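# Topology and contacts: notes
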Amino acid sequence: MIIDGHFHLIKGKTGELIRDMDTLHIDKTVIVGITLKDISRVKVPNKFFLQNRLFVTTIGVRLEQRMTLSRDFQDNLLAKPDNTVIAEACAAYPEKLYGFFFINPNDPGVMEELSGAISVPCWKGIKMAQRQYPVDLGGERMRQIGRFGCEHSLPVFIHLGFVKETYDIEPLASALPDLRIIVAHLGIQYFDKALNWVRRYKNVYLDTSSNFATSKMVETAVRRVGAERLVMGSDSPILGDQPAALDKIRSARIGDAEKALIMGENLAGLLRISGRE
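Conventions used here
- Residues numbered from 1 in each chain as written.
- Predicted model: local features only at pLDDT ≥ 70, side-chain atom pairs only at ≥ 80, totals over all residues.
- Heavy atoms only, no water.
- Phe/Tyr/Trp six-rings, centres within 6.5 Å; stacked < 30°, edge-to-face > 60°.
- Helix = DSSP H or I, 4+ residues; strand = E, 2+ residues; numbered from the N terminus.
- Buried < 20%, exposed > 50% of the residue type's maximum accessible area, 1.4 Å probe, protein only.
- Salt bridge = Lys/Arg side-chain N within 4 Å of Asp/Glu carboxyl O.
- Contact = heavy atoms within 4.5 Å.
- Axes fitted to C-alpha atoms, helices over the stretch in contact; angles between N-to-C directions.
- Parallel < 35°, antiparallel > 145°, perpendicular 65-115°, else oblique.
- Left-handed = near helix turned anticlockwise from the far one by under 90°.
- Pairing = 2+ DSSP bridges.
- Right-handed = clockwise from strand over helix to strand, strands pointing away.
- Disulfide = S-S within 2.5 Å.
- Core = buried A, V, L, I, M, F, W, Y, C linked by side-chain atoms within 4.5 Å.
- Nonpolar A, V, L, I, M, F, W, Y, C, P; charged D, E, K, R; others polar.

For the structure on display, the rule yields three aromatic pairs. Where Tyr-167 meets Tyr-190, the ring centres are 4.0 Å apart and the plane angle is 20°; that geometry is what we call stacked. On the criterion of sequence distance, the pair formed by Tyr-167 in helix α8 (residues 164–167) and Tyr-190 in the loop between β6 (181–183) and α10 (191–200) is long-range, its members being 23 residues apart. By relative accessible area, Tyr-190 is classed as buried at 8%.

Turning next to the pattern of salt bridges. Applying the stated criterion to the full structure yields eight salt bridges. Here Lys-80 ties to Glu-113 by a salt bridge, and the two come within 3.6 Å at their closest N and O atoms. One end of the pair, Lys-80, is in the loop between α4 (71–76) and α5 (84–92); the other, Glu-113, is in helix α6 (residues 110–117), with 33 residues separating them in the sequence. Residue class for Glu-113 comes out partly exposed when judged on its relative accessible area of 25%. With a closest N to O distance of 3.3 Å, Arg-253 and Glu-219 form a salt bridge. With Arg-253 in the loop between α12 (242–250) and α13 (256–271) and Glu-219 in helix α11 (residues 215–225), this pair connects stretches of sequence that are 34 residues apart. For Arg-253, a relative accessible area of 72% gives the class exposed.

Turning our attention to the environment of Ile-254. Mapped onto the secondary structure, Ile-254 falls in the loop between α12 and α13. On the accessibility criterion, Ile-254 (13% relative accessible area) is buried. A sequence separation of 23 residues divides Ile-254 from Val-231, and the C-alpha atoms of the two residues are 14 Å apart. The contact partners of Ile-254, leaving out residues within four places of it in the chain, are Val-218, Glu-219, Val-222, Lys-259 and Ile-262.

Our next topic: the packing of α10 against α11. Packing of α10 against α11 leaves a shortest axis separation of 10 Å and a crossing angle of 30°. Taken together, α10 and α11 sit at an angle that is classed as roughly parallel. Both α10 and α11 take part in a crossing whose hand is right-handed. Contacts from Phe-191, Asp-192, Leu-195, Asn-196, Val-198 and Arg-199 of α10 reach α11 at Met-217, Thr-220, Ala-221, Arg-224 and Val-225.

In this section: the sheet that holds strand β7 (residues 204–207). Strands sit in the order β1-β2-β3-β4-β5-β6-β7-β8 across an open sheet of eight strands; the sheet is parallel. Every interior strand has two partners, whereas the edge strands, β1 (3–8) and β8 (230–231), have only one. Relative to β7, β6 is paired through three bridges, and the arrangement is parallel. Across the sheet, residue Ile-182 finds its bridge partner in β7, namely Tyr-205.

Further remarks concern the pairing of β1. Burial analysis of β1 places six of its six residues in the buried class, which makes it a mostly covered element. The pairing of β1 with strand β2 (residues 28–32) spans four bridges and is parallel. Among the inter-strand pairings, Asp-4 is bridged to a residue of β2, identified as Thr-29. You can see the chain leave β1, run along helix α1 (residues 14–24) and come back into β2, and the turn it takes is right-handed.

Per the stated rule, a full pass over the model turns up zero disulfides. Free cysteine: Cys-90, not disulfide-bonded; nearest cysteine sulfur from Cys-122 at 4.0 Å. Judged by relative accessible area, which is 3%, Cys-90 ranks as buried.

This part takes up the nonpolar core. With 65 residues, the main nonpolar core has Ile-31, Ile-126 and Ile-262 as its most contacted residues. The dominant element in this core, judged by the number of residues it contributes, is α10, at five residues. If near-sequence neighbours (up to four positions away) are discounted, Ile-126 is found in contact with Phe-100, Phe-101, Ile-103, Leu-114, Ile-145, Phe-148, Gly-149, Leu-154, Pro-155, Val-156 and Phe-157. Phe-100, Tyr-205, Leu-270 and Leu-271 belong to the second largest nonpolar core, which has 17 residues in total.

Okay, the packing of α12 against α13 next. As a packed pair, α12 and α13 sit with axes 9 Å apart at the nearest point and diverge in direction by 155°. Regarding the angle of α12 to α13, the classification is roughly antiparallel. Packed against α12, whose contacting residues are Leu-246, Ile-249 and Arg-250, the element α13 presents Lys-259, Ile-262 and Met-263 at the interface. Class assignment of the residues belonging to the contact of α12 with α13 gives a composition of four nonpolar, no polar and two charged.

Right, dumping it as structure tokens:
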């Protein structure tokens, strides 16, 4: 089974996604919403720069932080992500699409939102974007969200933030060993830290999505921590696409069994889904 574990669905694009999945032989896709009112206002650097680790860990981080804090970006940012499009798409294609419920952890009503969401079977996890909606990962609000995830068997998918309080998952992983945590984009500039977290905590997984995460990084991750806690994603259409996500794993110099784990088997087990759903 092939699963794209990280796809941002834009309103009106569900049919296109399903056609692309059929063409690419992707069995299932985990979809999430977007955080912006107008996605076209965000300018993404050239793929060449995104795949240069020196650029990403130095100039790239500073540029992204400056962009995220800019007035234009903040004016374009939704107060909280809209999950309506995701719920509608999952209802239309329940055998192909699953959702991660996207939250702003600082929203006063976030726990009520999560409590209401669990009655809908399409929700398989909780999505957090620490650059847009930063929260202290060692703080009580995050513990509250984490305990909810444990109680309802929902993993938390986290795009890490810029400062230690918003990127260091160690306090959360150690305090809640039953909470499954998926770190987006192989941790981006925290790649080495992310590998250490996987080695130290059995509840930490790494997502391979976006142009940041290269085949070489996948090879390094498999060599250092094994393939069992890597899950494939595309981050389409923000920082990647599905053909590139597939090619990244297929072209990696790892075994076929390891590729199968990363391309779907690991995530199927993590989300408790089968090919017949």
